[in-house]
Amino acid sequence: MTINSSGRIENTTTCLPIAYGSIAFYQGPEADEQHTHKWTLYVRSPDQKFDLTKAISKVVFQLHASFPQPTRELTEPPFEITETGWGEFEAQIRIFWNESSDERSTLVNHGIRLYPNRAPATALNPSQFMNTTVPGEL
């Protein structure tokens, strides 16, 4: 193992598994027409015990321009935002790595989907089209 003058191990690649995505829930027929769903956009570790701040300095979420403060910057976990709305859109997630990694930020696009099984937006009960389950709630 050779360590260069900046303290990095030469000829070595490391891999950090991360999970990013979103989850959405129908608020029910009583919900306001502008807030039919509650959704969360996130960056997480597949290992819930792993502290992402060892590798990530911040995460910036770029939402649709119609949201108040569409750019959301988080510098500590949980790296997630929760909102309500009625429409689907493409969000951007930019992950900034700690300075010690000397890596450029990573940009990913992610679609916020409220009707994942192609439910019509006018469905009386859109929850019948959703296939979302949360571990531990089965």
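Residues numbered from 1 in each chain as written. Predicted model: local features only at pLDDT ≥ 70, side-chain atom pairs only at ≥ 80, totals over all residues. Heavy atoms only, no water.

A closer look at the pattern of salt bridges
Turning to step 1, where the next piece is worked out: In this structure the tally under the stated criterion is four salt bridges.
Turning to step 2, where the next piece is worked out: Ionic pairing is found between Glu80 and Arg44, a salt bridge with its closest N-O pair at 3.1 Å. Pair noted here: Glu80 is in strand β5 (residues 79-85) and Arg44 is in strand β2 (residues 37-44), with a separation of 36 residues, a long-range link.
Turning to step 3, where the next piece is worked out: A residue is classified by how much of its surface remains accessible, and Glu80, at 27% relative accessible area, is partly exposed.
Turning to step 4, where the next piece is worked out: Classification of Arg44 as partly exposed rests on a relative accessible area of 36%.
Turning to step 5, where the next piece is worked out: The residue Arg113 makes a salt bridge to Glu90 at a minimum N-O spacing of 2.6 Å. Of this pair, Arg113 sits in the segment after β7 (106-112) while Glu90 is found in strand β6 (residues 89-97), placing the two residues 23 residues apart along the sequence.
Turning to step 6, where the next piece is worked out: For Arg113, a relative accessible area of 38% translates into the label partly exposed. (Salt bridge = Lys/Arg side-chain N within 4 Å of Asp/Glu carboxyl O. Helix = DSSP H or I, 4+ residues; strand = E, 2+ residues; numbered from the N terminus. Buried < 20%, exposed > 50% of the residue type's maximum accessible area, 1.4 Å probe, protein only.)

Side note on the sheet that holds strand β4 (residues 71-74)
Turning to step 1, where the next piece is worked out: Taken in spatial order, the four strands line up as β4-β3-β6-β7 in an open sheet, and their pairing is antiparallel. In this open sheet, the two strands that pair with only one neighbour each are β4 and β7. Sheet twist, expressed as the mean angle between neighbouring strand axes with direction ignored, is 20 degrees.
Turning to step 2, where the next piece is worked out: As paired strands, β6 and β7 are joined by seven bridges and run antiparallel to one another. When the bridges of β7 are listed, Ile93 appears paired with Val108. (Pairing = 2+ DSSP bridges. Axes fitted to C-alpha atoms, helices over the stretch in contact; angles between N-to-C directions.)

What about the nonpolar core?
Turning to step 1, where the next piece is worked out: In terms of nonpolar packing, the biggest core is built from 20 residues, with Trp39, Leu41, Val43, Leu63 and Ile93 touching the most fellow members.
Turning to step 2, where the next piece is worked out: At the level of elements, β2, β3 (56-62), β5, β6 and β7 are the ones that each hand at least two residues to this core.
Turning to step 3, where the next piece is worked out: Looking at this core, the element that brings in the most residues is β6, giving four residues.
Turning to step 4, where the next piece is worked out: Residue contacts for Val43: discarding those within four places in its chain leaves Ile18, Ala19, Tyr20, Leu52, Ile56, Val59, Phe61, Phe79, Ile93 and Ile95. (Core = buried A, V, L, I, M, F, W, Y, C linked by side-chain atoms within 4.5 Å. Contact = heavy atoms within 4.5 Å.)

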